[in-house]
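Overview (structure and organization)
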Amino acid sequence: MKYRTVVMYMEIGCFVSCLCGWILVCSTLPTEYWTFSEVGSVVLTTSNYYSNLWRDCISDTTGVSDCKDYPSMLALPAFLHACRALAVCSVITGFFGGVLTLVGMKCTKIGGSEVANARVTFAAGITYLVSGFCGMITYSWWANKLVTEFLDPTFRAQKFEIGAAVFVGWGGSTLLISGATVMTYFSGKEGLPSRSPKRPQRPATYATARTRQTYMLPNPSSRGNVGPPLYYEGRKSRGTRAPTKTSATFNRDSFV
């Protein structure tokens, strides 16, 4: 199986994982069971209180339930505003992540070249990661607040437990993060330029003034020194030249 085919199937699997996670995260927003509390020890007088980011609800044993939105937005605590913003950001970034994935996947053939598609898929993976982390922070922060208040002995107000929507959100955020991580790894490996090793530099050269021939400099680690030649081809060195003939000398007695 070719590498491109393997990457294509990995992209499809990661996209399905991220899509399922995004759907789970979206399903928790309209669900009221983020917190849950039961009041009353007698079955006939038991009341159930549950709430989410937008409203409070109550139901009794007769099956009658009533929900009421929060009366004032400015009167809400900063914690609730932050959880709302993170949850909405998780949904929005997950939507754009799905659009980018459909454009950049190898099986759709919508984008341009292979490198361009890989870069679009890498951007989709980063967007899915942002969506997953926003959702994970939202549900973890909400659960931490509930557990802290429940275990605090000095907290006198009504105590709530973690609802089913928080667990569903944790599962969806985990699918988003895991699928986006694998998608980002494979697409970034193909789309982002990698640092190539440096090419070996050509050693420095020099040319002698007499021969105009080019000689390479020696390796610095070697001990020997290489220099220009002491003699030149076609000529004889001074040490090998034949001795010149000296002129004969005569004195005056030789003529006598």
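As the structure is a computational prediction, the values presented were derived from the model and not from experiment.

1. Things to note about the pattern of salt bridges
Inspection of the entire model under this criterion finds two salt bridges. The salt bridge partner of Arg55 is Asp69, with a shortest N-O separation of 3.4 Å. Taken together, the positions of Arg55 in strand β3 (residues 55–60) and Asp69 in strand β4 (residues 65–69) put the pair 14 residues apart, joining distant regions of the chain. Residue classification places Arg55 among the partly exposed positions, given a relative accessible area of 30%. Glu149 serves as the salt-bridge partner of Lys145, at 2.5 Å between the closest nitrogen and oxygen. Linking Lys145 with Glu149, this pair stays in helix α3 (residues 114–151), spanning four residues, or about one helical turn. The exposure class of Lys145 is partly exposed, given its relative accessible area of 31%.

2. Focus on the side chain of Thr184
Mapped onto the elements, Thr184 comes out in helix α4 (residues 164–191). Setting aside chain neighbours within four positions, we find Thr184 in contact with Phe122, Gly125, Ile126 and Leu129.

3. With respect to the nonpolar core
Judged by nonpolar contacts, the single largest core of 26 residues is most densely connected at Trp34, Leu53 and Trp142. Looking at this core element by element, the count peaks at six residues for α3.

4. Remarks on the packing of aromatic side chains
Taken as a whole and assessed by the stated rule, the structure comprises nine aromatic pairs. Note on Tyr33 and Tyr50: the rings are 4.5 Å apart at their centroids and 20° apart in plane angle, and the pair reads as stacked. Of this pair, Tyr33 sits in the loop between α1 (3–28) and β1 (35–39) while Tyr50 sits in strand β2 (residues 47–51); the two residues are 17 residues apart in sequence, bridging distant segments of the chain. For Tyr33, a relative accessible area of 37% translates into the label partly exposed. Using a relative accessible area of 7% as the deciding quantity, one classes Tyr50 as buried. Look at Phe79 and Trp141: their rings are 5.3 Å apart centre to centre, the planes differ by 80°, and that puts the pair in the edge-to-face class. Of this pair, Phe79 sits in helix α2 (residues 78–104) while Trp141 sits in helix α3, and the two are 62 residues apart along the sequence. Taking relative accessible area as the criterion, Phe79 reaches 15% and is therefore assigned buried. Owing to a relative accessible area of 37%, Trp141 belongs among the partly exposed residues under this scheme. Members of the aromatic cluster, joined through ring pairs, are Trp34, Phe79, Tyr139, Trp141 and Trp142.

5. Side note on the packing of α1 against α4
Closest axis-to-axis distance for the α1/α4 pair is 7 Å, and the angle between their directions is 155°. Judged by the angle between their axes, α1 and α4 are roughly antiparallel. As for how α1 packs across α4, the hand of that crossing is left-handed. Across the contact of α1 with α4, the residue classes break down as 18 nonpolar, ten polar and three charged.

6. Description of the UniProt feature "transmembrane region" (unreviewed entry) in the chain
Sequence positions flagged by UniProt for "transmembrane region" (unreviewed entry) are, in local numbering, residues 7–25, 78–104, 116–142 and 162–186. Helix makes up 100% of residues 78–104 and strand 0%, and the two end C-alpha atoms of the span are 38 Å apart. End-to-end, the C-alpha atoms of residues 116–142 are 40 Å apart, and along that stretch the chain is 100% helix and 0% strand.

7. Some points on the environment of Asn117
Position of Asn117 relative to the elements: it lies in helix α3. With 74 residues separating them along the chain, Asn117 and Gly191 place their C-alpha atoms 7.7 Å apart.

8. A closer look at the state of the cysteines
Under the definition given, this model contains one disulfide. There is a disulfide in this structure between Cys57 and Cys67, and the S-S distance comes to 2.0 Å. Taking the sign of the S-S torsion, 110° for the link of Cys57 and Cys67, the bridge is right-handed. Taken together, the residues span a long stretch of sequence, with Cys57 in strand β3 and Cys67 in strand β4 at a distance of ten residues. Judged by relative accessible area, which is 5%, Cys57 ranks as buried. In this structure Cys14 is not part of a disulfide, and its nearest cysteine sulfur, from Cys18, lies 6.5 Å away. Judged by its relative accessible area of 6%, Cys14 is buried.

Cut-off values and rules
Residues numbered from 1 in each chain as written. Predicted model: local features only at pLDDT ≥ 70, side-chain atom pairs only at ≥ 80, totals over all residues. Heavy atoms only, no water. Salt bridge = Lys/Arg side-chain N within 4 Å of Asp/Glu carboxyl O. Helix = DSSP H or I, 4+ residues; strand = E, 2+ residues; numbered from the N terminus. Buried < 20%, exposed > 50% of the residue type's maximum accessible area, 1.4 Å probe, protein only. Contact = heavy atoms within 4.5 Å. Core = buried A, V, L, I, M, F, W, Y, C linked by side-chain atoms within 4.5 Å. Phe/Tyr/Trp six-rings, centres within 6.5 Å; stacked < 30°, edge-to-face > 60°. Axes fitted to C-alpha atoms, helices over the stretch in contact; angles between N-to-C directions. Parallel < 35°, antiparallel > 145°, perpendicular 65-115°, else oblique. Left-handed = near helix turned anticlockwise from the far one by under 90°. Nonpolar A, V, L, I, M, F, W, Y, C, P; charged D, E, K, R; others polar. UniProt positions renumbered as here; feature names shortened; annotations may be inferred. Disulfide = S-S within 2.5 Å.

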